[in-house]
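Observations on chain architecture
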Amino acid sequence: SAEPTVSSTPVRQNVIVASKNFQRMSAPIMNDIGSHKNASFFAVPVKEKQAEGYHDIIKRPQDLKSIRTAITAGNRAVIAATAQSSTIDSPTAGGSSGTPNNAREGGTVTLERTADLLPPKAIVNSAQLEKELMRMFANAVMFNPGDGGMVQDTREMSEDVQRKMGNWRMAERTGEGDRGEEEAEKGKRRKV
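Report follows, based on the coordinates. (Residues numbered from 1 in each chain as written. Predicted model: local features only at pLDDT ≥ 70, side-chain atom pairs only at ≥ 80, totals over all residues. Heavy atoms only, no water.)

**Quick look at the packing of aromatic side chains**
Worth spelling out the cut-off: Ring geometry is summarised as follows: Phe, Tyr and Trp rings, the Trp one being its six-membered ring, pair when their centres sit within 6.5 Å, and such pairs are stacked at plane angles under 30 degrees, edge-to-face over 60 and tilted between the two. A run of H or I in DSSP counts as a helix once it spans at least four residues, and a run of E counts as a strand once it spans at least two, with each numbered from the N terminus. Burial classification: accessible surface area is computed with a 1.4 Å probe over protein chains only, and a residue below 20% of its type maximum counts as buried, one above 50% as exposed, and the rest as partly exposed.
Throughout the structure, instances matching the rule amount to 4 aromatic pairs. With centroids separated by 6.0 Å and ring planes inclined at 50°, the aromatic side chains of Phe22 and Trp168 adopt a geometry described as tilted. Separated by 146 residues along the polypeptide, Phe22 in helix H1 (residues 22-34) and Trp168 in helix H5 (residues 150-173) bring together distant segments of the chain. Relative accessible area serves as the criterion here: at 3%, Trp168 is assigned to the buried category. Between Phe41 and Phe42 the ring centres are 6.4 Å apart and the planes differ by 85°, which places this aromatic pair in the edge-to-face class.

**Re H5**
To be explicit about the condition: In this scheme, a helix's expected span is set at 1.5 Å multiplied by one less than its residue total.
For H5, with 24 residues, the first-to-last C-alpha span of 34 Å sits near the 34 Å given by 1.5 Å per residue. Phi turns positive one or two residues past the end of H5, at Gly175, with a value near 85°.

**As for the packing of helix H4 (residues 126-143) against H5**
Basically, it comes down to this: Axis lines are fitted to C-alpha atoms, over the contacting stretch for helices. Their N-to-C directions set the angle, which ranges from 0 to 180 degrees. An angle counts as roughly parallel when it lies under 35 degrees, as roughly antiparallel when it exceeds 145, as roughly perpendicular when it falls between 65 and 115, and as oblique in every other case. Contacts are residue-level and defined by heavy atoms, with any inter-residue pair within 4.5 Å sufficient. Amino acids outside the nonpolar list (Ala, Val, Leu, Ile, Met, Phe, Trp, Tyr, Cys, Pro) and the charged list (Asp, Glu, Lys, Arg) are all regarded as polar, and Gly is one of them.
One can describe the packing of H4 onto H5 by two numbers: an axis separation of 9 Å at closest approach and a directional angle of 170°. With respect to their mutual orientation, H4 and H5 come out roughly antiparallel. In this structure, H4 uses Ser126, Ala127, Leu129, Glu130, Leu133, Met134, Phe137, Ala140 and Val141 to contact H5, whose residues at the interface are Met150, Val151, Thr154, Arg155, Met157, Ser158, Val161, Gln162, Met165, Trp168, Arg169 and Glu172. Of the residues that constitute the contact of H4 with H5, the class distribution is 13 nonpolar, 4 polar and 4 charged.

**Quick notes on the nonpolar core**
Condition: Here, the term nonpolar core denotes a set of buried Ala, Val, Leu, Ile, Met, Phe, Trp, Tyr and Cys residues that are joined through side-chain atoms within 4.5 Å.
Ile33, Leu64, Ile67, Leu129, Leu133 and Val161 are the most contacted members of the largest nonpolar core, which has 22 residues in total. Residue assignment for this core shows that the elements contributing at least two residues are H1, helix H3 (64-88), H4 and H5. Ranked by the residues each element gives to this core, the list is headed by H4, at 6 residues. Setting aside anything within four residues of it in sequence, one finds Ile67 in contact with Met30, Gln62, Ile123, Leu129, Glu132, Leu133 and Met136. With 8 residues, the next largest nonpolar core counts Ala18, Val78, Val109 and Leu117 among its residues.

Below, the structure written as structure tokens:
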């Protein structure tokens, strides 16, 4: 019997790429999202007395306060994991380049996937942030009946956030993340 061929591409399911300065990098977009006209609906966790039966239907609730808390926790976990791995890794662990095996270009690190680096406990990169924001909107649409009112406001905010996240992630990929966000913030300040 023939042995199955194994791809030369390494399986990366046991690692996560974390942005070293994600908390600082995400602050402008989180502030922008938090100032959206419909953000008050998503500011804090939904309490049972506000929405009876919510926790029976929504098994993984999400809100802006919890997302900010997860970003802060993620930042602490990345700092701790980076510090720990830099003391463990030998100077040549990454090969002949002398780069530790967890180091990457562009201000990111590749770390072992743990619960401390994953939502809902932590958010360490833009993909996780985007997924948790979309979960927050999906929860609101799933819980609220009909297409008007809360659902309509949620869809409007979701579309705005998706557009902003897309622009932010594109800037992040092209290496203009911090500079582009700072310029966008300056432009907003001038307009106000």
